[in-house]
Amino acid sequence: MNAESSSLVRRARIHAALGDPARLAIVDALTLGDASPGEIAHTLDMPTNLVAHHVKVLADAGLVVRGRSEADRRRTYLRLRPESLAALATPRLAGVGRVVFVCTHNSARSQLAAALWKQRAHGEVASAGTKPATRVHPRAVAVAHRHRLDLDPTGTAHVTDVVRRDDLVIAVCDSAHEELTGPIRPRLHWSVPDPVRVDTDEAFEAAYADLADRVDRLVPAILPRGSR
C-alpha cells in the first residue's frame, strides 16, 4: 500500500469513527480540554458502558488517547489528538473576558500559559495557584526567556486573590482540576505533565510546547476573526 492509499484508509477510519452522533459529541467535549470517562458520561448524560464503547472506537481510530492522572493514578483522562482533526472547526466560547490559568504552585505551567496567552492573544490574562510558591521556578523563567515571553519571576498568587466571577479559569494541571470543586471551578482542563517532577530543561521545553499548542487552539475559539 502506497502512502496516498494509506492516508485515505486512515482518513476513512476517522470519518467512520465520527459518523456516530454520540462519538462526535465526545470529540466536541474534548476539543478544548481533557476529561475523564466519568466526566464525559456526566456532561453528555450517557451511560458509562456506552462511553467506554465509543471511546474505544475513537481510540482505535487514533482520535483519542488515554493518560493516567498525575494526582490520582486510579483516574484516567481522555485527550484529543488534534492533528487527526485538522478539518474540524474549533467550537467558539462566548462571553469570555479575562483568562486565568491555574496550577498547584503557580511556578511553571500556569505562568508559561499566561505568558503565552499574552504573547499570542494580546488579551487580559492572569495566573494563580492553589498552593502558590514564593517564586517562579528558575527553569520556567529560562524557558520564557528563550521564547521571548514576558514573565515576572516573583509574581505568584493564590486563586482566591486573583479569580473573578466572569473569568475563564483553565486548570493546567490535574491536581488543580481535581482540587477546585467549590465556587472557583475550572471551565477547561489541560492535563499538562508537571515539568518540575522531572526538573530538566527538556521537561520544561515539552511543557512549553504542549501549552503553546493548546493556546493556539484556544485563541480562535475566543477572539473574533480578524482581531489576532
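Use the structure listed above.
A short tour of the structure in this document, coming up. The shown structure was predicted, so the numbers you read here are calculated from the model rather than taken from an experiment.

The rules behind the values
Residues numbered from 1 in each chain as written. Predicted model: local features only at pLDDT ≥ 70, side-chain atom pairs only at ≥ 80, totals over all residues. Heavy atoms only, no water. Helix = DSSP H or I, 4+ residues; strand = E, 2+ residues; numbered from the N terminus. Salt bridge = Lys/Arg side-chain N within 4 Å of Asp/Glu carboxyl O. Buried < 20%, exposed > 50% of the residue type's maximum accessible area, 1.4 Å probe, protein only. Expected span 1.5 Å × (residues − 1). 1 Å grid on protein atoms, 1.4 Å probe; cavity = no way out; pocket = protein on both sides within 12 Å on 5 of 7 lines; lining within 4 Å. Points joined across faces, edges and corners; volume = space filled by probe spheres on them. Nonpolar A, V, L, I, M, F, W, Y, C, P; charged D, E, K, R; others polar. Contact = heavy atoms within 4.5 Å.

## A few points about unusual backbone geometry
Backbone geometry at His122 places phi at a positive 55°, although glycine is not the residue there. Along the chain, the position of His122 falls in the loop between helix 5 (109-121) and strand 4 (125-129).

## Section: the pattern of salt bridges
Using the criterion set out here, one finds 19 salt bridges in the structure. Here Glu39 ties to Arg75 by a salt bridge, and the two come within 4.0 Å at their closest N and O atoms. Of this pair, Glu39 sits in helix 3 (residues 37-44) while Arg75 sits in the loop between strand 1 (64-68) and strand 2 (76-80), and the two are 36 residues apart along the sequence. Where Arg214 meets Asp210, a salt bridge forms, and the shortest distance between an N and an O atom there is 2.9 Å. Here Arg214 pairs with Asp210, and both are found in helix 10 (residues 201-222), just four residues apart, close to one helical turn. With a relative accessible area of 4%, Arg214 lands in the buried category. Salt bridges sharing common partners tie together Asp34, Arg79, Asp210 and Arg214.

## Let's talk about helix 5
In this model helix 5 runs 17 Å from its N-terminal to its C-terminal C-alpha over 13 residues, within 8% of the 18 Å that 1.5 Å per residue would give. Most of helix 5 is tucked away, with ten of its 13 residues classed as buried. Looking at helix 5, one finds that the buried residues are Arg109, Ser110, Gln111, Leu112, Ala113, Ala114, Ala115, Leu116, Trp117 and Ala121. Of the residues trailing helix 5, His122 is marked for its positive phi of about 55°.

## Examining empty space enclosed by the protein
According to the stated counting rule, one finds one cavity of 30 Å³ or more in the structure shown. Here the largest cavity defines a volume of roughly 40 Å³. In this structure, the largest cavity is lined by Thr31, Leu32, Trp190, Arg214, Arg217 and Leu218. The residue inventory of the lining of the largest cavity, partitioned by class, reads three nonpolar, one polar and two charged.

## Some details on the environment of Arg135
Take Arg135: it is sitting in the loop between strand 4 and helix 6 (138-146). Linking Arg135 and Gly155, residues 20 residues apart in sequence, is a C-alpha distance of 6.7 Å. For Arg135, the residues in contact, after removing those within four places along its chain, are Ser107, Pro153 and Thr156.

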